[in-house]
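Analysis of the macromolecular model
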Amino acid sequence: MSVASVHVVMGQRGSTQPEVRVLILGLDNAGKSTLLYRLKHRASACTVPTIGFNVEMLEARRNRKPIALTLWDVGGQGKMREHWPSFHADTAAVVFVVDSSDRGRLNEARRELENTLRSEQLRERPLVLLANKQDVCGALTVTELKDKFNLRKICFDRDWFVQPCSASTGFGVEEAFGRIVQMVKLPRDTTAMKDNVKETVQYIRATIRR
Ligand SMILES: Nc1nc2c(ncn2[C@@H]2O[C@H](COP(=O)(O)OP(=O)(O)OP(=O)(O)O)[C@@H](O)[C@H]2O)c(=O)[nH]1
Ligand SMILES: [Mg+2]
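Residues numbered from 1 in each chain as written. Chains lettered and ligands numbered in written order. Predicted model: local features only at pLDDT ≥ 70, side-chain atom pairs only at ≥ 80, totals over all residues. Heavy atoms only, no water.

As a further point, take the pattern of salt bridges. One pass over the full model with this rule turns up 11 salt bridges. Salt-bridge contacts for D99 lead to K133; the nearest nitrogen and oxygen are separated by 3.2 Å. Remark: K133 occurs in the loop between β6 (127–132) and α4 (142–148) and D99 occurs in strand β5 (residues 91–99); sequence separation between them is 34 residues. Judged by its relative accessible area of 11%, D99 falls in the buried class. Salt bridges linked by common partners bring D28, R81, R105, E108 and E112 together as one network. (Salt bridge = Lys/Arg side-chain N within 4 Å of Asp/Glu carboxyl O. Helix = DSSP H or I, 4+ residues; strand = E, 2+ residues; numbered from the N terminus. Buried < 20%, exposed > 50% of the residue type's maximum accessible area, 1.4 Å probe, protein only.)

Structure follows, in C-alpha cells:
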C-alpha cells in the first residue's frame, strides 16, 4: 500500500486542543478524495483513484473551542477495502460517502457500510453518511438513501446523520463538515490521543505487511 499524500500540520504535543481522527470510507468513485480536497482547499480538484490513502488536518471550533480533525481518506477499490479495518483504531467518527447517482452500486455500498459498522473498534462511533453527487440528475434523495440503507436499523446504537452534498460543486460540504465537527466523539484524555500521523502511518504499514 502506498500513501497517496500526507499533508498534515503535526499536532502540538501537550496542547489542550482536542485532536480527533475522522475516517472517510465509501466505494471507489464515490467522491471521497474530491470531498477531502474541497474541504481543505475549498475548490474542485481533479482526482485519480486512491491507491493507499490521503491524510489532511483541518482546524475547526466546537462550542467556541478549537478542535483539530485529521481526516483519513482511504481508497475504496475492492482490493483496498480489505485494508479498511487497519484504519479503524482511534476513529472518532466515520464519514461514509455514497455516489447517490449510481443506483446500480447501492447494494454493494450498503454491504460495505454494514461490514464497517460491525467493527468493535468503531462501536458507538457516530456516522455521517454523505449523499454525494446531488448535482447529477436523478440522484437519490436523502429519504431514499435512508430507506435503502436501512439506517434507522443498522445505526440503532450510534448517532447518525445523512447530509446531501456535491463535492464537485461544494453544495452541502460546509454543512457536512459542521455536522462532523459536532458529532465526533472527543477522547476523554486528549493528551493520550495519537497525534503523530507518522506514527500512525508506520502502524498501518506494519499491520498491512503482517
Ligand atoms: N458530478 C459529480 N461528480 C463527482 C462528485 N464528487 C466526485 N465526483 C467525481 O467522481 C469521480 C471519483 O471521485 P474521487 O473523489 O476520486 O472518488 P473516490 O471516492 O476518492 O474514489 P477512490 O479513490 O477510487 O476510492 C471523479 O471523476 C470526481 O470528479 C460530485 O459531487 N458530483
Ligand atoms: Mg480517492
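This brings us to the site of ligand 1. By nearness alone, 20 residues border ligand 1, and K32, T34, T47, T50 and G76 come closest of all. Look at ligand 1: alone it shows 650 Å² of surface, and the protein chains cover 82% of it. The site holding ligand 1 turns out to be the largest pocket. It is helix α1 (residues 32–41) that provides the largest number of residues to the shell around ligand 1, a total of 3 residues. (Near = heavy atom within 4 Å. Areas by Shrake-Rupley, 256 points an atom, 1.4 Å probe, with all protein chains shown as cover. 1 Å grid on protein atoms, 1.4 Å probe; cavity = no way out; pocket = protein on both sides within 12 Å on 5 of 7 lines; lining within 4 Å. Sits in = over half its atoms within 2 Å of the grid points.)

A separate point is the coordination of the magnesium ion (ligand 2). Coordination of the magnesium ion (ligand 2) by the protein is provided by S33 (OG) and T50 (OG1), with metal-donor distances spanning 2.0 to 2.1 Å. In this pair, S33 sits in helix α1 while T50 sits in the loop between α1 and β3 (53–62), placing the two residues 17 residues apart along the sequence. Across this residue pair, the class does not change: S33 and T50 are buried. (Donors = N, O, S within 2.8 Å, 3.2 Å for Na, K, Ca; no water.)

A few words on the pairing of strand β4 (residues 65–74). Within β4, 8 of the 10 residues are buried, which leaves the element mostly enclosed by the surrounding structure. Note: strand β2 (residues 19–25) against β4, 6 bridges, orientation parallel. Note on β4: the bridge partner recorded for V22 is L71. In terms of strand pairing, β3 meets β4 through 10 bridges, oriented antiparallel. The residue of β4 that forms the bridge with N54 is D73. (Pairing = 2+ DSSP bridges.)

Okay, the side chain of R81 next. Looking at where R81 falls in the secondary structure, it is placed in helix α2 (residues 78–81). A distance of 2.7 Å separates a polar side-chain atom of R81 from the backbone oxygen of G76. (Polar contact = N/O pair within 3.5 Å; in protein donor to acceptor, adjacent residues only side chain to side chain.)

On to the nonpolar core. Counting 32 residues, the largest nonpolar core has W72, F96, L113, L129, F149 and L151 as the members making the most contacts within it. Sorting elements by how many residues they give to this core places helix α3 (residues 106–117) first, with 4 residues. In this structure, V20, V97, A167 and V181 belong to the second largest nonpolar core, which totals 28 residues. (Core = buried A, V, L, I, M, F, W, Y, C linked by side-chain atoms within 4.5 Å.)

This is a description of form; function is not addressed.
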